[in-house]
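# Commentary on secondary and tertiary structure
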Amino acid sequence: MRVLVLGGGGREHALCYLLTQSPLLTKLYCIPGNGGISEIATIPEGISIKDFESIKQFCIKEKIDLVIPGPEEPLVKGIRDHLEKEGIVVFGPEAFEANLEGSKVFAKSIMERAGVPTASYKVFDNYEEALSYVIKTGPPLVIKADGLCAGKGVSVCKTLDEAQDFLKKIFIEKIFGEAGSRVVIEEMLEGEEASYIVITDGETFKAFPTSQDHKRLLDDDEGPNTGGMGAYSPAPLITEDLKAKIEEKIILPILRTLKEEGHPYRGFLYAGLMIHNGEPYVLEFNCRLGDPEAQAILVRMEGDFLDLIVNTIEGKLASCELKERKEAATCVVMASKGYPFTYEKGKEITGLEKVKNLKDVIVFHAGTKKEKDRYFTSGGRVLGVTAVGEDLPTSIKRAYEAVSLIHFEGAHFRKDIGKKAYKYL
Ligand code: AMP
Ligand code: GLY
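Residues numbered from 1 in each chain as written. Chains lettered and ligands numbered in written order. Predicted model: local features only at pLDDT ≥ 70, side-chain atom pairs only at ≥ 80, totals over all residues. Heavy atoms only, no water.

## Structural notes on the site of ligand 2
Neighbouring ligand 2 are D213, G227, Y270, N286, R288, G290, D291, P292 and E293. Within the backbone of G227, a nitrogen or oxygen atom sits 3.3 Å from a nitrogen atom of ligand 2. Side-chain polar atom of N286 to an oxygen atom of ligand 2: 3.3 Å apart, as the coordinates give it. Relative to its unbound accessible surface of 200 Å², ligand 2 loses 90% to contact with the protein. A per-class count over the shell around ligand 2 returns two nonpolar, three polar and four charged. (Near = heavy atom within 4 Å. Polar contact = N/O pair within 3.5 Å; in protein donor to acceptor, adjacent residues only side chain to side chain. Areas by Shrake-Rupley, 256 points an atom, 1.4 Å probe, with all protein chains shown as cover. Nonpolar A, V, L, I, M, F, W, Y, C, P; charged D, E, K, R; others polar.)

## What about the packing of aromatic side chains?
Per the stated rule, a full pass over the model turns up 10 aromatic pairs. Judged by centre distance (5.0 Å) and plane angle (85 degrees), the ring pair of Y29 and F58 falls under edge-to-face. Note that Y29 is positioned in strand β2 (residues 27-32) and F58 in helix α2 (residues 52-61), a separation of 29 residues in sequence. For the pair formed by Y29 and F58, the shared burial category is buried. (Phe/Tyr/Trp six-rings, centres within 6.5 Å; stacked < 30°, edge-to-face > 60°. Helix = DSSP H or I, 4+ residues; strand = E, 2+ residues; numbered from the N terminus. Buried < 20%, exposed > 50% of the residue type's maximum accessible area, 1.4 Å probe, protein only.)

## What about the site of ligand 1?
Not every one of the 15 residues close to ligand 1 is listed here, only the nearest: K144, E186, L189, E193 and E284. One of the side-chain nitrogen or oxygen atoms of E193 is found 2.4 Å away from an oxygen atom of ligand 1. Within the side chain of K215, a nitrogen or oxygen atom sits 3.0 Å from an oxygen atom of ligand 1. Compared with its free state, where it exposes 470 Å², ligand 1 has 89% of that area covered by protein. Counting only elements with at least two residues in the shell around ligand 1, the list comes to β5 (141-145), β6 (154-157), β7 (183-187) and β15 (279-286). Of the residues in the shell around ligand 1, the class split is eight nonpolar, no polar and seven charged.

## Quick word on the sheet that holds strand β21 (residues 368-371)
Read across the open sheet, the three strands follow the order β19-β22-β21; overall the sheet is antiparallel. Two strands close off the open sheet at either side, each with one partner strand: β19 (348-349) and β21. Examined bridge by bridge, β21 and strand β22 (residues 374-377) share four bridges and lie antiparallel to one another. By the bridge assignment for β22, E371 is matched with R374. (Pairing = 2+ DSSP bridges.)

## Concerning the pattern of salt bridges
One pass over the full model with this rule turns up 37 salt bridges. Of the charged contacts, one joins E53 and K56 as a salt bridge, the two residues approaching to 3.3 Å between their closest N and O atoms. A residue pair is termed a helical-turn pair when its members lie 3 or 4 positions apart in one helix, as E53 and K56 do in helix α2 at three residues. Exposure remark for E53: the relative accessible area of 36% places this residue in the partly exposed category. With a closest N to O distance of 3.7 Å, E94 and R80 form a salt bridge. Of the two residues, E94 sits in the loop between α4 (79-84) and α5 (95-102) while R80 sits in helix α4, which places them 14 residues apart along the sequence. Residue E94 is classed as partly exposed on the basis of its relative accessible area of 26%. Ionic contacts of the salt-bridge type, sharing partners, join the residues R80, E84, E94 and R266 into one network. (Salt bridge = Lys/Arg side-chain N within 4 Å of Asp/Glu carboxyl O.)

## Points about the nonpolar core
With 46 residues, the main nonpolar core has L4, I55, V67, L100, I251, I254 and F285 as its most contacted residues. For this core, the element with the most residues is helix α9 (residues 240-260), which contributes seven residues. Non-local contacts of I254, meaning those with residues more than four positions away in its chain, are made with L100, I110, M111, A114, V116, L269 and F285. Within the second largest apolar cluster, 39 residues are counted, among which are A14, I199, A296 and F305. (Core = buried A, V, L, I, M, F, W, Y, C linked by side-chain atoms within 4.5 Å. Contact = heavy atoms within 4.5 Å.)

## Structural notes on unusual backbone geometry
The linkage connecting P139 with the following residue, P140, adopts the cis geometry, with an omega of 0 degrees. Tracing the backbone shows P140 in the loop between α7 (127-137) and β5. Cis geometry marks the peptide bond from S233 to P234; its omega dihedral reads 0 degrees. Mapped onto the secondary structure, P234 falls in the loop between β13 (230-233) and α9. The residue K63 is not glycine, and still its phi comes out positive at about 50 degrees. Residue classification places K63 among the exposed residues on the basis of a relative accessible area of 61%. Here the phi dihedral of D220 falls at roughly 60 degrees; this positive angle occurs in a residue that is not glycine. In this structure, D220 sits in the loop between β11 (216-218) and β12 (222-225).

Don't take any of this as a statement about function, it's just geometry.
Written as structure tokens, this is what we have:
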């Protein structure tokens, strides 16, 4: 099969890595890719991931059998709808279902119809009414811009001032543009967060190994929110009993409701959860794999991943088995100086060749560029240093050993990835 992966982060490197293990794969392309991906896939020059028409022409010319989008933006903007008109097969939801991530208002309303446990909420489309609701209800509250805001559209407001400031930014300064034309204001939930990701054909689903992200920049969950500074899998917080609850109360009702309403969901579906007193609540849905969760999850998969996707597209997921390795995995993200705000670029990355020979370690590239045989930073999150071990502490130790061998100016990373699981071990 000739496959095109869209995206250029650590998640896409992990996806490409797994696809190259499949005997079904004959040719792999990636747009826009990155320095690490360029070693295992062909990166066509000059095609933007935003340019659906050029992607379509490329697929036709290169006789692409399957397109797998990694990030949310092409899915929410309708890449599947666009390519399917030409008979090009895309693994991911259509724009309508991708609204689970693309619109917080849509996600909340479908959760309501499906009876999925989530924070209670109200929707507003203007500053005055939103503010008077915030004053009446009082903090803490969570304010969410409706549309895609590159992970910056949510504020957990502990004071009235914080809430008012965020509402001003959204409605008066319009920092998110159209994506901030409505807001969801919801109750703040307490507990511990975890990610539950499934692959589905709209009816049947199979759960990937469980995982936990580390969204805050600094150790002990301090500092600003980021795209994710590291992940580990499995997450012992999610017991078998909790898994059953998540599937019964969240995954099944959402898939059933979408199907009943004429929009069966095909692709990866990610539920961002808050676990409170042993009960799961949905904070958000994503229409894709998590990043960096994918890096920790995918290295634990057994079997042919491409075959699994093909079976899902053909409606045969029920007959597939998702096998996971018993070993644990940890992914530590190394980021550029300044991230998650304005960050440095163009710093040479050294030490990658030393890590290549380490057992059970894979370095997934995110913001990197390859020039001849040298690698340079080109993004905020640069590398996802991922290790497998017989248990979680071993995988953590291996990942940090590898991190200590890799250098670039200004590199920073959390030192406590995976530690929060120790209380459950
Ligand atoms: P979201 O994009 O909706 O997942 O929100 C981003 C982050 O904000 C989540 O990962 C949580 O840390 C936090 N968050 C979102 N909704 C809530 C909520 N209702 N209660 C507490 N924290 C929340
Ligand atoms: N790691 C969080 C996300 O992918 O949305």
